[in-house]
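Analysis of the macromolecular model
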Amino acid sequence: MSASAVFVLDLKGKPLISRNYKGDVSMAEIDHFMPLLMQKEEEGALTPLLTHGKVHFLWIKHANLYLVATTMKNANASLVYSFLYKVVEVFSEYFKELEEESIRDNFVVIYELLDELMDFGFPQTTDSKILQEYITQQGNKLETGKSHVPPTVTNAVSWRSEGIKYKKNEVFIDVIESVNLLVNSNGSVLLSEIVGTIKLKVFLSGMPELRLGLNDRMLFELTGRHKNKSVELEDVKFHQCVRLSRFENDRTISFIPPDGDFELMSYRLNTQVKPLIWIESVIEKFSHSRVEIMVKAKGQFKKQSVANSVEISVPVPSDADSPKFKTSVGSAKYVPEKNIVIWSIKSFPGGKEFLMRAHFGLPSVEKEEVEGRPPIAVRFEIPYFTVSGIQVGRRVGGLHGVRGCS
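The rules behind each value
Residues numbered from 1 in each chain as written. Predicted model: local features only at pLDDT ≥ 70, side-chain atom pairs only at ≥ 80, totals over all residues. Heavy atoms only, no water. Helix = DSSP H or I, 4+ residues; strand = E, 2+ residues; numbered from the N terminus. Buried < 20%, exposed > 50% of the residue type's maximum accessible area, 1.4 Å probe, protein only. Contact = heavy atoms within 4.5 Å. Salt bridge = Lys/Arg side-chain N within 4 Å of Asp/Glu carboxyl O. Patch = residues over 30% accessible without salt bridge, like charges linked within 9 Å, V, L, I, M, F, W, Y side chains within 5 Å. Areas by Shrake-Rupley, 256 points an atom, 1.4 Å probe, with all protein chains shown as cover. Lys, Arg positive; Asp, Glu negative; His and termini not counted. Charge placed at Lys NZ, Arg CZ, Asp CG, Glu CD. Pairing = 2+ DSSP bridges. Axes fitted to C-alpha atoms, helices over the stretch in contact; angles between N-to-C directions. pLDDT = per-residue confidence, 0-100. Arc of directions from axis to C-beta. Phe/Tyr/Trp six-rings, centres within 6.5 Å; stacked < 30°, edge-to-face > 60°. Lys NZ or Arg CZ within 6 Å of the ring centre and 35° of its normal. Polar contact = N/O pair within 3.5 Å; in protein donor to acceptor, adjacent residues only side chain to side chain.

**Focus on the overall build of the chain**
A count of helices and strands for the chain gives seven helices and 23 strands. In the chain, which comprises 406 residues, the share counted as buried stands at 40%. Residue pairs in contact within the chain that sit at least 24 positions apart in sequence constitute 65% of those at least 6 positions apart.

**What about the pattern of salt bridges?**
Evaluation of the coordinates by the stated rule reveals 12 salt bridges. Between R19 and D115 there is a salt bridge, with the nearest N and O atoms lying 2.5 Å from each other. Here R19, found in strand 2 (residues 15-20), pairs with D115, found in helix 4 (residues 107-117); they are 96 residues apart in sequence, far enough to count as distant. Take R19: its relative accessible area is 26%, and that puts it in the partly exposed class. The salt bridge involving K296 is made with E280; its shortest N-O contact spans 3.5 Å. Taken together, the residues K296 in strand 15 (residues 290-299) and E280 in strand 14 (residues 277-286) connect sequence positions 16 residues apart. The partly exposed category is assigned to K296, whose relative accessible area is 24%. For E280, a relative accessible area of 39% puts it in the partly exposed group. Where salt bridges share partners, they join E193, E234, D235 and R268 into one cluster.

**Digging into a negative patch on the surface**
A grouping of E97, E99, E101 and D105 is seen on the molecular surface, where their side chains present a negatively charged patch. Here D105 lies in the loop between helix 3 (100-104) and helix 4.

**Structural notes on the sheet that holds strand 18 (residues 331-335)**
With antiparallel pairing, the four strands of this open sheet are ordered in space as 18-19-16-21. Edge positions in the open sheet fall to strand 18 and strand 21 (377-381), since each of these has one partner strand only. Direction aside, the axes of adjacent strands within the sheet are offset by 20° on average. Two strands pair when backbone bridges link them, and strand 16 (residues 306-315) and strand 21 are joined in this way by four bridges, in the antiparallel orientation. Bridge pairing in strand 21 links I312 to V378.

**Overview of the confidence of the model for the chain**
When pLDDT is averaged along the chain, the result is 85; 86% of the residues meet or exceed 70. Here residues 139-147 scores under 50 on pLDDT; set against residues more than four positions off or in separate chains, the count is three contacts. Overall, residues 396-404 carries pLDDT values under 50, and its contacts beyond four positions in sequence, including any with other chains, amount to 27 contacts.

**Digging into unusual backbone geometry**
Despite not being glycine, R251 shows a phi value in the positive range, around 60°. For R251, a relative accessible area of 12% corresponds to the buried category.

**Re helix 4**
Residues V109, I110, L113, L114 and L117 constitute the buried set of helix 4. Projected down its long axis, helix 4 carries its buried residues within an arc of 135°, all on one side. Tucked into the core, helix 4 has its buried residues touching strand 2, helix 2 (77-95), helix 3, strand 6 (118-119), strand 7 (122-123) and helix 5 (128-134).

**Side note on the packing of aromatic side chains**
All chains considered together, the criterion is met by 12 aromatic pairs. Aromatic pair F33 and Y66: ring centres 6.0 Å apart, planes at 70°, arrangement edge-to-face. Taken together, the residues F33 in helix 1 (residues 33-43) and Y66 in strand 5 (residues 65-71) connect sequence positions 33 residues apart. Owing to a relative accessible area of 0%, F33 belongs among the buried residues under this scheme. For Y66, a relative accessible area of 8% gives the class buried. Clustering of aromatic rings is evident, with ring pairs tying together F33, F57, W59 and Y66. A cation sits over an aromatic face here: K22 above F120, 5.4 Å from the ring centre.

**A few points about the sheet that holds strand 2**
Across the sheet, five strands lie side by side as 2-1-5-4-3; this open sheet has antiparallel pairing. Only two strands of the sheet have a single neighbouring strand rather than two, namely strand 2 and strand 3 (49-52). Adjacent strand axes in the sheet meet at a mean angle of 20°, parallel and antiparallel pairs treated alike. Bridge count between strand 4 (residues 55-62) and strand 5: seven bridges; the pairing is antiparallel. Opposite I60, over in strand 5, you have L67 as the bridge partner. In the packing of helix 1 onto the sheet, contacts are made with strand 1 (5-9), strand 3, strand 4 and strand 5, and the angle to strand 3 comes to roughly 120°. Along the sheet, helix 2 makes contact with strand 1, strand 3, strand 4 and strand 5, crossing strand 4 at roughly 35°.

**A few points about the pairing of strand 3**
Within a regular strand, side chains alternate between the sheet's two faces. Of the pairings in the sheet, the one linking strand 3 to strand 4 comprises four bridges and is antiparallel in character. Bridge pairing links L50 to F57 in strand 4.

**Points about the side chain of S254**
Locating S254 in the fold gives a position in strand 12 (residues 253-255). At 3.0 Å, the side chain of S254 and the side chain of E209 are in polar contact. Residue contacts for S254: discarding those within four places in its chain leaves E209, L210, R211, C241, V242, R243 and R246.

Shown next, in the form of structure tokens:
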């Protein structure tokens, strides 16, 4: 079971545009959504699924819009939420910025898109590249009496058009990994996981079939190979072009790729990872006077690698003022609305160590307060470096430009 109707609302809950797919839920039911949301918000019990009588509202918020799906059935919630986020993605591809103004300026195109995105409550054509072949922002200029639906819509390979030609065939692969790490004040790792994606940029002629292999532990166990350099992937999700049966049989990623940029797969690894940038801090608080903060950052990755766009966010007391900073590299700025200091370092080589000192006045402190200290947060990118050690192997075809980023 899926959605009965889909609505796009403004921040006041007024419907901007809607599409009734099944007719089994009154369109007037949406009037109950905003009062119900505000009530749950005041009670501190707001959930992504709200119910009024027999009607369920599955909703997401994007910018200054609410996207809401209604149903009376025991719907597949994961499918509905995936569809709502896909709607955001498709609309953003069409209008660059998805907000109230872009909805009001493109009613005709949006109605056409809603007709193609879902049929009788079930997702249909959700690939923006294919939709853009026959739904354009100049749609009213199309000639009548001719079929403008591209063959890709009815093909088995609906994500790729026929007749694509390039003078030079190339594929670029990016492995991008994010490390979620929580370390306590004693230096012990409390939480450690890696979330990764493999993205491709494809410039290939015709209908090519590609096969990729990973140093996946399950593959190595199937083939009896050495497992020292293998990784154990979890929560693997593939683009629709991947032949899942082939992957389940021999762990080969076999697919006919879409043209241009797309995300081939995402994965997660629960594994112990040492912090790539180690942070030590000393905070001295003087009652009625000031607070002094010293932060030391050390790169614990290979010397030949460089971390870019490093941002170290250090929490400070809410009543701090008169900031003064001294850094051995980069710059520091106070963000009072978030009660943090952001230390920015453009380039951080591996093995290097840097210092930042901050001095704040505390005019309103009358006594020593016992308060929880939020953690120091670190954000950065390391090109050509994967934390997990995942390796993408070529099986068929010439692949150029394999890259990695953490």
